[in-house]
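Chain residues, written in single-letter form:
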There are 2 protein chains.
Amino acid sequence: MSIRELASHLNISIGTVSRALNGRSDVNAETRKRVLEAAAELGYVPNQSGRSLRQGTTNAIGFMVETNSEMSNHGDTFFTSVYDGVQKVFAPHHLDLVVLLCPSGDDPYDHVRRVVARRFVDALFISAIQRHDPRIDFLIEREIPFIALGRSLSGGSHPWIDLDFEGVATQAVNRLVARGHRRIGLVNPGSEINLGYIFADAYRAALAANGIAYDPQLLVRAEQTDEEGGYRSADALLALEPRPTAVVLVNENMAIGVYRRLHEAGLMPGRDMAVIGLRQSQLTGFLSPTLTCFRISLFDLGRRLAEGLLATMPAYRDSHPVGLVQEVWPIELVPGESDPPPR
Amino acid sequence: MSIRELASHLNISIGTVSRALNGRSDVNAETRKRVLEAAAELGYVPNQSGRSLRQGTTNAIGFMVETNSEMSNHGDTFFTSVYDGVQKVFAPHHLDLVVLLCPSGDDPYDHVRRVVARRFVDALFISAIQRHDPRIDFLIEREIPFIALGRSLSGGSHPWIDLDFEGVATQAVNRLVARGHRRIGLVNPGSEINLGYIFADAYRAALAANGIAYDPQLLVRAEQTDEEGGYRSADALLALEPRPTAVVLVNENMAIGVYRRLHEAGLMPGRDMAVIGLRQSQLTGFLSPTLTCFRISLFDLGRRLAEGLLATMPAYRDSHPVGLVQEVWPIELVPGESDPPPR
DNA sequence: GTGAAAGCGCTAACAC
DNA sequence: GTGTTAGCGCTTTCAC
C-alpha cells in the first residue's frame, strides 16, 4: 500500500494526500477527513525509507549502549527507566527511540561511525563515556546532534548530563567520617570510563577535607562492577592491615558480593564493615542489612537527556528551549542499615 | 558524500561504483580496487534510506522488548547475553540488530503494527509472549519474518524457542521431594505471560507424579517478579498453615526479597525454607546461602534464535538451513546451598 | 566490463 | 485548495 495507491483509490493527487496526512493547513477539511479515514481503513502507513530519503531525516533516534560494559554493570532497571523518560519526551514528536547495541568486542568508536554513516538515526545518545572519548570529537565534527550521558575531557562544548559522582563520594565519606570511620575504602571501575576518575578525585578531596590521609591501597579497581567484582574487591580490602572499617562502592550490585565475602570471613556487613552503594534500586532495600545508597531519578534523567538532545536539533529546538545542557544530575542519600559506626 | 560524488571523483559511472561496492562479479578487478580505496579514503558509506527504498529491505532486524515487564524482570544480563549471541550470527551478513522498546503503557500489539508498517526493520524477534498473543497472528498474516522467544497458543506454525520451564518445575519439585519436602510453594508471574501457565502446569504434574496433592494456596502469583515481588510472595507463604518448607521461584532476583522476608521472621533461608530460583546469574552464586538454580546458555540461545529467524528469510535461508525452529531450550540444575532437607 | 536511465515512495516547490 | 513534477541515493535492468 503506497501513497500512490491510496491517492488513486480516493481519486485525488498524491500531493494532496501527502499534505493531508502531514497535517498541512492548506488542505480542505473535508478532503483531509476522507484521506485520514481511507488511510486508517486501508491500513496505510508511510514508508519510512521514502520519507527519509526525501527529507534527510529518519525520525529515529539511537541510544548507543555497549553490551559488554554498562548494561551488565548498571544492572536491570538503570537504562530501562532512562528509556522510559526519553520516550515520554519523544512521543509527541513521533520520534522513535531505538537502542543500538555495540557488540562486545567491537570498538564503540567504529560502531558510532558506522551508525552515523548509514544515517540510520537522526541523533544519538551515547553512554559509557571514556575520559578521552573519540566519539565525541567525531560527532561534533560531523555535526551530528548528540548528548552524552557522562562527562569527558574530549570535545569542548557539547551537551552532557552526568550523575553527581562528586556528591556521592563526598556525602558518603562525610557520613562515614561523622560516624567515626577513618579507614574508608573505595571501589572503582577498572576501565578507562571517566566516572572512575571523577569518583576517585572526589573521594580523595573528601578525605582531605576531613583531615584524613589518602592511602592508595584503599582505592580498589574492580575489573567487573557486579557481584563478582564486589566479592573480589572485598577480598582485597580484607587482606589489608589494618583492615578498613568502611567501603564505598561505585555500583550497588557489588554489595551482594561484598556481603558474601564478609559472611565467609565470619564478619557481618555493616557491623564489621560499613558499606555504601551507589544507586537505590529494588535490590538495595531488600538486602540484609539494607544498603545505604543514593536516590537518582532516572526517569527524569531520561526526560532531561531527551530535552537536551532535542534542543540541539533545529527542527525541535523551539519546542525545547533549554539551551546547551551540561548538568550534573542530583542525588540524594537514602540511609540504610549498612553503615553504622565502627565497633 | 553520495555515490554520485564518489563516482564523479573517480570518473566512473555510478552504476559501476555500486556494482564494485556490492561485490558484483562483473566488474574489473582494477576498477573495484580503485573504488574500494576511494570509498575508504573519502569515508563513503551508502545511505541506508536509498538502499532500502530501492531494495525494499533495511538490513536491520528488531528485537522487541517491553520496558515495563521483562527487562526489569529478567534482570540485567538476560537479554544482553542473548543479544550478543544474535549479533554473532548477524555479523557476517552485515545485519544490524536494533532493540525496539515498547514504552511502558503502550500496547505491544499496537507497537508491533507501527514498527511493521513503517518498515523500519526486515524481521523481528518478539519476547514476553502472551498465552494468546495477537502479535503472532498479525506477523503471520503480514508475512513478516519473525521468531518468538516464548511459546503461545496463537498462530499455528511459526518459529519459536522457549526456555524449558517444564524442566525447571519438574527437576525442582523432584529434587525437593527427594530431600523430604512435601509442602512446596511456587511463585509465578501475575500477568498473562504464557510461561506462567506452562510453569504452573508442570509444577502440578510433578507434584502429582510424586503423589502429592496440589494445594492452590501454595501457588502464589506475584505482581512483580523482582525483589519486591519475592518479599511479598514470601510474606504470603509465611502466612500459610502449615507453612511450606520449600518454594520454587520463577525468577532468581525474587530470592533476594524472599531471603529478606525470612530474615525478618527470624528464619534462615535454606534451613527454614528451601528456595530454588530460575536462572543462574552473577547474583545466584553470591547470595548467602548460594541459590540452587538452573544454568541456561543465553549466548547460544541468542545464536539459535538468530539462526531460526534467518531460516525464515528467503535471502538468508540457504546459509542457515535449520528449517522451522520450534524448540524448548535446555536447562541444567546448578546445586546451591539454598535447598537442604527440611528440619 | 561499463554507462545510461528507470524508478523505489515520498515531500515540497511551483503552477494554477 | 489541488495537481504536477522534480529529485532525495541507491540498485538494477538494458544497451553496447
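Residues numbered from 1 in each chain as written. Chains lettered and ligands numbered in written order. Predicted model: local features only at pLDDT ≥ 70, side-chain atom pairs only at ≥ 80, totals over all residues. Heavy atoms only, no water.

In the annotation of an unreviewed UniProt entry, chain A is listed under the name DNA-binding LacI/PurR family transcriptional regulator and assigned to Kaistia geumhonensis.

Draft legend 1. Quick look at the interface of chain A and chain B. Taken residue by residue, the interface counts 55 residues in chain A and 55 residues in chain B. A combined buried area of about 4,700 Å² lies between chain A and chain B, and 55% of that area is made up of carbon and sulfur atoms. Together, Arg118, Arg260 and Phe286 of chain A form the three largest contributors to the area buried by chain A at its contact with chain B, with a combined 17%. In this assembly, chain A and chain B are joined by six salt bridges. The interface formed by chain A and chain B contains 16 residue pairs in polar contact (both at pLDDT 80 or more). Of all the elements in the fold, those that place two or more residues in the side of chain A that touches chain B are α4 (48-55), α5 (70-74), α6 (76-90), β2 (96-102), α7 (108-117), α11 (227-238), α12 (254-264) and α13 (282-286) of chain A. Looking at the side of chain A that touches chain B, its residues break down into 20 nonpolar, 23 polar and 12 charged. (Contact = heavy atoms within 4.5 Å. Buried area = accessible area lost by both parts, 1.4 Å probe. Salt bridge = Lys/Arg side-chain N within 4 Å of Asp/Glu carboxyl O. Polar contact = N/O pair within 3.5 Å; in protein donor to acceptor, adjacent residues only side chain to side chain. Helix = DSSP H or I, 4+ residues; strand = E, 2+ residues; numbered from the N terminus. Nonpolar A, V, L, I, M, F, W, Y, C, P; charged D, E, K, R; others polar.)

Draft legend 2. View of the protein's contact with DNA strand D. Close to DNA strand D lie 28 residues; Thr31 and Arg54 of chain A together with Ile3, Tyr44 and Arg54 of chain B are nearest. Put simply, 58% of the atoms of DNA strand D that lie within 4 Å of the protein are in sugar or phosphate. Thr31 of chain A is positioned with one of its side-chain polar atoms (N or O) 2.6 Å from a phosphate oxygen of DNA strand D. Between DNA strand D and Gly50 of chain B, the relevant distance is 3.0 Å, taken from a base nitrogen to a main-chain nitrogen or oxygen of the residue. Counting residues per element, the ones that place at least two in the surface near DNA strand D are α2 (14-21) and α4 of chain A together with α1 (3-10), α2 (14-21) and α4 (48-55) of chain B. (Near = heavy atom within 4 Å.)

Draft legend 3. Summary view of the protein's contact with DNA strand C. Taken together, 27 residues are adjacent to DNA strand C, and Ile3, Tyr44 and Arg54 of chain A together with Thr31 and Arg54 of chain B come closest. Take the atoms of DNA strand C that sit within 4 Å of the protein: sugar and phosphate atoms are 61% of them. For DNA strand C, a base nitrogen lies 3.0 Å from a polar atom in the backbone of Gly50 of chain A. Between DNA strand C and Arg19 of chain B, the relevant distance is 3.1 Å, taken from a base nitrogen to a side-chain nitrogen or oxygen of the residue. Of all the elements in the fold, those that place two or more residues in the surface near DNA strand C are α1 (3-10), α2 and α4 of chain A together with α2 and α4 of chain B. Classifying every residue of the surface near DNA strand C gives eight nonpolar, 11 polar and eight charged.

Draft legend 4. Structural context of the sheet that holds strand β7 (residues 219-222) of chain A. Residues and elements named next belong to chain A. Spatially, β7-β6-β8-β9-β10-β12 is the arrangement adopted by the six strands of the open sheet, whose pairing is mixed. Of all the strands in the sheet, just β7 and β12 (332-334) have a single pairing partner and so form its edges. The sheet shows a mean angle of 25° between the axes of neighbouring strands, taken without regard to direction. The pairing of strand β8 (residues 246-249) with strand β9 (residues 274-279) spans three bridges and is classified as parallel. In the strand pairing of β9, Val247 is matched with Val275. (Pairing = 2+ DSSP bridges. Axes fitted to C-alpha atoms, helices over the stretch in contact; angles between N-to-C directions.)

Draft legend 5. Spotlight on the layout of surface pockets. Each pocket or cavity is described by its volume, and for the largest pocket that value is around 1,500 Å³. Taken together, 37 residues make up the lining of the largest pocket; nearest its centre are Tyr44, Val45, Pro46, Asn47 and Arg51 of chain B. At the level of secondary structure, the elements contributing two or more residues to the lining of the largest pocket comprise α7 and α8 (134-142) of chain A together with α2, α3 (29-42) and α4 of chain B. Residue classes in the lining of the largest pocket are distributed as 14 nonpolar, 13 polar and 10 charged. Each pocket or cavity is described by its volume, and for the second largest pocket that value is around 1,200 Å³. Along the walls of the second largest pocket sit 33 residues, with Asn22, Tyr44, Val45, Pro46 and Arg51 of chain A positioned nearest its centre. (1 Å grid on protein atoms, 1.4 Å probe; cavity = no way out; pocket = protein on both sides within 12 Å on 5 of 7 lines; lining within 4 Å. Points joined across faces, edges and corners; volume = space filled by probe spheres on them.)

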